[in-house]
Amino acid sequence: ITLTGRTTKPYTSLVNEKFGDYVNITNSFTVEGWFKYDNLPTGNAWRYLVGNHIADTGRWILSLRQGATNWVMYVAGSIGDVAFPVQNDTVATTNTWRHVALTYAHDAGPSGRGVWELFVDSQSHGALTNSSIVTSLTTDDSTFCLGGRPTGNTSGDVNLDYWRVSDRVLQPGEFLNEG
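Below is a summary of the structure that appears in this document. (Residues numbered from 1 in each chain as written. Predicted model: local features only at pLDDT ≥ 70, side-chain atom pairs only at ≥ 80, totals over all residues. Heavy atoms only, no water.)

Before going further, it helps to examine the pairing of strand β9 (residues 115-120). Summarising burial for β9: five of the six residues are buried, a large majority. One ladder, built from six bridges, connects strand β8 (residues 98-105) with β9; its direction is antiparallel. Looking across to β9, one finds that Val100 is bridged to Val120. As judged from the five bridges shared by β9 and strand β10 (residues 123-129), these two strands associate in the antiparallel manner. Paired with Val115 across the strands is Thr129, a residue of β10. (Buried < 20%, exposed > 50% of the residue type's maximum accessible area, 1.4 Å probe, protein only. Helix = DSSP H or I, 4+ residues; strand = E, 2+ residues; numbered from the N terminus. Pairing = 2+ DSSP bridges.)

The following block contains the structure:
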C-alpha cells in the first residue's frame, strides 16, 4: 500500500483513502512506527500522529497534547478526547526517534465494545474502552492518515519512518522495535 503526501500546501500528512478499510473499528489491528518531532505542542496545542477519519461515527485519532506529555485518543461517538491512563511522558523530546504502537481489539472489553491500548517505546500507557459498539461507518471513515489531518491542521513538524499496520492485535514482543 502506498501513502501519498498532500498535493496542496501545507504538505502536512500522508494519506491513503483505500487502506483505511483495514484499520476501521470493525476490525482488530495494530498500527506502529517510528516518529520524531522537530518541535512539541505547547499549552493546549496538539499534534495529530495517526488516525482513520474524515467524517463521523467510527473515526479515530491518536494525538500528542499538553506540552507533549499526554497521549490522547479520540473515537467519534465513543471516546471523546480521553487521555490514556499513563501520562506525563517525561521522555517526550525533540530530535529523538521513538516507537509508538496502537492496538485495537474490536470485540474486547465489556459487551465487546472494543479496547485500544497504547505503547510508547514498548511501554504500555494503558487501555481505553469504547463507550458503545459502533455499528455503522461512513464511507469517509476509510481515509488513513499519518502525521496530520488531510485538511492540514493539527499537524506539525513530525518525521515518520517505517510504519506498519497489522490485521490483528500484536503483543509488545512482536513490535518493530523488538526485532
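The next point concerns unusual backbone geometry. Phi at Asp121 takes a positive value of approximately 50°, unusual for a residue other than glycine. Tracing the backbone through its elements, the reader meets Asp121 in the loop between β9 and β10. Overall, the relative accessible area of 30% leaves Asp121 in the partly exposed class. Look at Tyr162: it is not a glycine, yet its phi comes out positive at around 50°. Among the structural elements, Tyr162 can be located in strand β12 (residues 158-166). On the basis of relative accessible area, Tyr162 is assigned to the exposed category, the value being 58%.

Turning our attention to the sheet that holds β10. An order of β10-β9-β8-β3-β12 is seen for the five strands of this open sheet, with the pairing classed as antiparallel. Edge positions in the sheet fall to β10 and β12, since each has one partner strand and no second. Within this sheet the neighbouring strands show an average axis-to-axis angle of 15°, counted without direction. The sheet contact formed by strand β3 (residues 29-37) and β8 spans seven bridges and is antiparallel. Bridge pairing links Thr30 to Thr103 in β8. (Axes fitted to C-alpha atoms, helices over the stretch in contact; angles between N-to-C directions.)

To continue, consider the nonpolar core. Judged by nonpolar contacts, the single largest core of 26 residues is most densely connected at Leu49, Trp60, Leu62, Trp71, Phe84 and Trp116. Within the residue set of this core, elements represented by two or more residues are β3, β4 (46-52), β5 (60-65), β6 (70-75), β8, β9, β11 (144-146) and β12. When residues in this core are grouped by element, the largest group, four residues, is from β3. (Core = buried A, V, L, I, M, F, W, Y, C linked by side-chain atoms within 4.5 Å.)

Looking at the secondary structure, you find Arg98 in strand β8. Along the sequence, Arg98 and Asp121 sit 23 residues apart, while their C-alpha atoms lie 6.2 Å from each other. Polar side-chain contacts of Arg98 include one of 3.1 Å to the side chain of Asp121. (Polar contact = N/O pair within 3.5 Å; in protein donor to acceptor, adjacent residues only side chain to side chain.)

Relative to the helices and strands, Thr103 is located in strand β8. Taking relative accessible area as the criterion, Thr103 reaches 4% and is therefore assigned buried.

For the rest of this paragraph, the subject is the packing of aromatic side chains. The tally for this structure, following the rule as stated, stands at seven aromatic pairs. Consider the rings of Trp60 and Trp116, whose centres lie 5.5 Å apart with planes at 50°: the pair is tilted. Here Trp116 lies in strand β9 and Trp60 lies in strand β5, a separation of 56 residues in the sequence. Look at Trp116 and you get buried, because its relative accessible area is 0%. (Phe/Tyr/Trp six-rings, centres within 6.5 Å; stacked < 30°, edge-to-face > 60°.)

The element β5 is extensively covered by neighbouring structure, given that six of its six residues are classed as buried. Of the two faces of β5, the one holding Trp60, Leu62 and Leu64 and the one holding Ile61, Ser63 and Arg65 are both buried throughout. With six bridges joining them, β4 and β5 adopt antiparallel strand pairing. The residue bridging Trp46 from the neighbouring strand is Arg65, located in β5. Direction of pairing for β5 relative to β6: antiparallel, over a ladder of six bridges. Bridged to Leu62 within β6 is Met73.

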